[in-house]
Amino acid sequence: MKKLAVLFMGLLVTLNLHAQTTGDAIDAKVKSLLSKMTLEEKAGQMTQLSIEAFLKTSNGKVIEPHQIDEVKLAEAIQKYKVGSILNVGGNAQTLENWRNRIRTIQKYALKERLKIPVLYGVDAIRGNNYTLNSVMFPHQIAQAASFNPALAKKGAEITAYETRASFAPWTFSPVLDLGRQQLWPRIYETYGEDPYLAATIGKAVVDGFQGAGQMTDKYHVAACLKHYMGYSMPLSGHDRTPAWIPERELREYFLPPFAASIKGGAKTVMINSAEINGVPVHADKHILTDILKDELQFKGFAVSDWQDIQYLYQRHRVAKDNKEAVAMAINAGIDMSMVPTDYTFTEALIENVKEGKIPMSRVDDAVSRILKVKYEVGLFDTPTGNPKDYPLFNSPEHNKANYEMAAECITLLKNSNNLLPLASGKRILVTGPAANSMRALNGGWSRTWQGETSDEFEKDKNTIIEAIRNTFGAANVLYSPGADFEKANAIDDAIAQAAKADVIVLCLGENSYTENPGNIDDLNISAAQIELANALAKTGKPIVLVLAEGRPRIVSAIEPLTQAVIHTYLLGNEGGNVVADVLIGKVNPSGKLPYTYPRYANSLHNYYHKYTEIKKFDEAAGYNPQWEFGFGLSYTQFKYSNLKLSSSALAADRPLTVSVDVSNTGKVAGKEVVQLYVSDLVASITPEVKRLRGFEKISLNPGETRTVTFQINASDLSFINAQLQRVTEPGEFTVRIGDLSATVNL
């Protein structure tokens, strides 16, 4: 054993030396290349254009499949020295078309004097979703519900593989914004409302995207953390609108997920499009330089979001024109501008440098960061790729992993009298606007930006009704649409069909959307769907409510009418199959809510609310959610016992061990997320009621018991104080796991 330990330590030293050597070699290459570059070449490296600028059109529409206008592309690279291109340009393209696109781009780039390859970025955010036939995983909010970082990492590895198969080396993912504002249309792109959960899963996903070490190989991609930071908490709930977040709260809640992945080596970040406390983040040097680059020691580069430097004068009105906006953003710390379709940034940047309004040192810093990432993803050695390296693209293996992830995301929220799983031989009416819709299962970012083509492009996948027919037998399954998302246009037919059924599976939710088109003024589920639910309830048949939605739409008006509730979030292409398998009992649901599901549209709390928000002090509208963060049922029962602390006092220099026994007391195997919460009873900043400080997902057979152990350090009990310092104050704390609790002192 001693020899093995020595060998292991030697291996670690070797790996560390190799990483250091690799880093030094890259730094030397970057320095050498930078010294040869003109100002125009540097400005080009800081310019990112969208592929729309180079696609051929006919009668004003992009030709399908996409064709590159090489005259326009040549101008971009030869005249403006453009160093990065992004996007799909409309509909998803075939694998071969993607490869030809990037081959063509790199052909022109490598003809240039310095032969610097173009860095292509794409929103491969839940699979390589802009390439046809690629695997599309559940959206991030669903992945968070799995509480399984290993599964999320595996999905990221497959996403990276299939993205590299398209020859793209950079993905704009993961989203590390906190899903705290339930109205926000991009909440489904987050890992939920809790900083610890988001940080844990986010770091696992970055590891999956980028692989081990500084260099990414041909099966991995550079990750991009977005949208740094505070983007997800607009006061109105509408996308790209102002947020008011004190820096103490920014540091307490919004910064930790980014900090964890930056420490883990994330190569790029994308910047918050909105403003915080009256300052657009694209112009906020304190957030972009003081915190990101100085405090967090971020070594990669920061890219703007879509057109956001121009928006500094067009929308935010903190700059008088584009030239001033460019100076403001670059001096604040932006390294690359997602322009996205013209050369105004490049021209303004050059003018600003020549006039001394942007120092050359700032330009050199930005370009060095960009070149470093290009070296780290291997672009200089392999600017495109070899198709033979990717035989597993859309393989049965990858699709199986997709199903396995979706099966751990789906969440059972209600199951009165053990209605589920359904007994064999039951006649089932499947109804509701989400029942026969791949759009409802996939949401936005599904082959197109808004996901409006899912029913066309994913027609070989099973909707919920198709999967239920396959699972229960077509003869046992009835179908009526009942309503669409906005109009109750087939209620009479649904009622007639219900008369022939033993149970109703009512599939409600939302149609696909993202960003501004997803803004809503009412979080309640649509009136048409409420009308359908009320009408079906009057039939007296038991109702299983299936919610396919990107954010928690209010269902308090209809939940009492149902006997069971299943939350699918946006499960992706395997969603229909997983819903059917849950209904029949093949899948025992194990997902837990990654956000607080509100009961009322004007009562949007988070689980880590303050004591002044509880019912005791606010009887009329205190914390009373429909379902709490971390909640989720199973087809079996779990019992917690023997909560033990290694000490009643936590020392600053010694971790506290917390253990608990978890038993499966039911009749079927199941998975349980063991969640550790801590409450600080008295603090100089009003303490939250509780905070998640640890979790572990375990699998137990009937009658099996397992001891789950956590370690708590003093830093795990810390918070940001009024002086913006992270501190752990002496005092009394309550540790909670399941229905058990214990007290510890510091």
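Located above this text is the structure these notes cover.
Description of the structure in this document. Just so we're clear, the structure is a prediction, and the values are computed from it rather than from any experiment. (Residues numbered from 1 in each chain as written. Predicted model: local features only at pLDDT ≥ 70, side-chain atom pairs only at ≥ 80, totals over all residues. Heavy atoms only, no water.)

**Section: the overall build of the protein**
Put simply, the rule is: Each helix is a run of DSSP H or I of at least 4 residues and each strand a run of E of at least 2, with the numbering of both proceeding from the N terminus. Each radius of gyration reported is based on C-alpha atoms, and the globular scaling rule is 2.2 Å times the count of residues to the power 0.38. For every residue, the accessible area (1.4 Å probe, protein chains only) is compared with the maximum for its type, and the residue is labelled buried under 20%, exposed over 50%, or partly exposed between those bounds. In this description, contact between two residues means that some pair of their heavy atoms is separated by no more than 4.5 Å.
The helix and strand inventory of the protein stands at 20 helices and 27 strands. In summary, the protein has a C-alpha radius of gyration of 26 Å against a globular reference of 27 Å for 746 residues, a match within 12%. Dimensions along the principal axes, computed over C-alpha positions, put the protein at roughly 75 × 70 × 60 Å. Sorting the 746 residues of the protein into buried and exposed places 61% on the buried side. Contacts spanning at least 24 positions in sequence make up 78% of the contacts within the protein whose residues lie at least 6 apart.

**A few points about the sheet that holds strand S6 (residues 170–171)**
Put simply, the test is: In this analysis, strands are considered paired if DSSP registers two or more bridges between them. An axis is simply a line fitted to the C-alpha atoms; with a helix, the fit covers only the stretch in contact. Between two such axes, the angle follows the N-to-C directions and lies from 0 to 180 degrees.
Read across the sheet, 5 strands follow the order S6-S5-S4-S1-S12 without closing on themselves; strand pairing throughout is parallel. The open sheet has two free edges, formed respectively by S6 and strand S12 (337–338), since each of these has just one partner strand. Strand contacts of helix H4 (residues 95–109): strand S4 (84–86) and strand S5 (119–122), with the helix running at about 150° to S5, the strand carrying the most contacts.

**Brief notes about the packing of aromatic side chains**
What counts, and what does not: By convention, a stacked pair of Phe, Tyr or Trp rings (six-membered ring in the case of Trp) has centres within 6.5 Å and planes under 30 degrees apart, an edge-to-face pair has planes over 60 apart, and any other such pair is tilted. Placement of a positive charge over a ring is assigned whenever Lys NZ or Arg CZ falls within 6 Å of the ring centre and within 35 degrees of the normal to the ring plane.
In the structure shown here, the tally under the stated rule is 22 aromatic pairs. Each ring, one from Trp98 and one from Tyr120, has its centre 5.5 Å from the other, and the planes form 85°; the classification is edge-to-face. You can see Trp98 sitting in helix H4 and its partner Tyr120 sitting in strand S5, a full 22 residues away along the chain. In this structure, Trp98 and Tyr120 share a single accessibility class: buried. These aromatic residues form a ring-pair network of at least three members: Phe147, Tyr196, Tyr253, Tyr607, Tyr608, Phe629, Tyr677 and Phe695. Lys111 extends its terminal NZ or CZ atom over the ring of Tyr108, reaching a point 5.1 Å from the ring centre.

**Some words on the sheet that holds strand S20 (residues 656–664)**
Judged by pairing direction, the sheet is antiparallel, and its 3 strands sit side by side in the order S19-S20-S23 without closing on themselves. Two strands lie at the open edges of the sheet, namely strand S19 (638–645) and strand S23 (705–712), each paired on one side alone. Ignoring which end each strand starts from, the neighbouring axes of this sheet average 20° apart.

**Comments concerning the packing of helix H6 (residues 149–165) against helix H14 (residues 396–409)**
The condition that has to hold: Helix crossings fall into two classes, left-handed where the near helix is turned counterclockwise from the far one by less than a right angle and right-handed where it is turned clockwise. In this classification, Asp, Glu, Lys and Arg are treated as charged, Ala, Val, Leu, Ile, Met, Phe, Trp, Tyr, Cys and Pro as nonpolar, and every other residue, Gly included, as polar.
With their axes 10 Å apart at the nearest point, H6 and H14 run at an angle of 145° to one another. Seen from above, H6 lies across H14 with left-handed handedness. Taking contact as the criterion, the partners of Leu151, Ala152, Gly155, Ile158, Tyr161 and Glu162 in H6 are, on H14, His398, Ala401, Glu404, Met405 and Glu408. Residue composition of the contact of H6 with H14, grouped by class: 6 nonpolar, 2 polar and 3 charged.

**Brief notes about the environment of Tyr80**
Tracing the chain through its elements places Tyr80 in the loop between helix H3 (70–79) and S4. For the pair formed by Tyr80 and Glu112, sequence separation is 32 residues and the distance between their alpha carbons is 11 Å. Discounting chain neighbours no more than four positions away, the residues touching Tyr80 are Glu40, Gly44, Glu75, Tyr343, Thr346 and Glu347.

**Some thoughts on the pairing of strand S22 (residues 691–700)**
Most of S22 is tucked away: 8 of the 10 residues are buried. Direction of pairing for strand S21 (residues 670–680) relative to S22: antiparallel, over a ladder of 9 bridges. Note that in S22 the partner of Val673 across the bridge is Lys697.

**A closer look at helix H20 (residues 575–584)**
Counting buried residues along H20, 8 of its 10 residues qualify, which places the element largely inside the surrounding structure. Elements in contact with the buried residues of H20: H14, helix H15 (438–442), helix H17 (464–472), strand S16 (503–509), strand S17 (543–548) and strand S18 (564–567). Positive backbone phi, approximately 95°, marks Gly585, located one or two places after H20.

**Brief notes about the pairing of strand S27 (residues 740–745)**
If a strand is regular, its side chains alternate between the two faces of the sheet. Judged from the 6 bridges that link them, strand S26 (residues 732–737) and S27 form a sheet pairing that is antiparallel. Counted as the bridge partner of Thr734 is Thr743 from S27. Between S26 and S27, which pair antiparallel and follow one another directly, the connecting turn spans 2 residues, one of which, Gly738, has a positive phi of 60°.

**Side note on H17**
Here is the rule we go by: Regarding the arc, it is the one traced by the directions from the helix axis to the C-beta atoms.
Listing the buried residues of H17 in full gives Ile464, Ile465, Ala467, Ile468 and Phe472. Projected onto a plane normal to the axis of H17, the buried residues spread over an arc of 160° and lie on a single side. Backbone geometry just after H17 places Gly473 at a positive phi near 95°.

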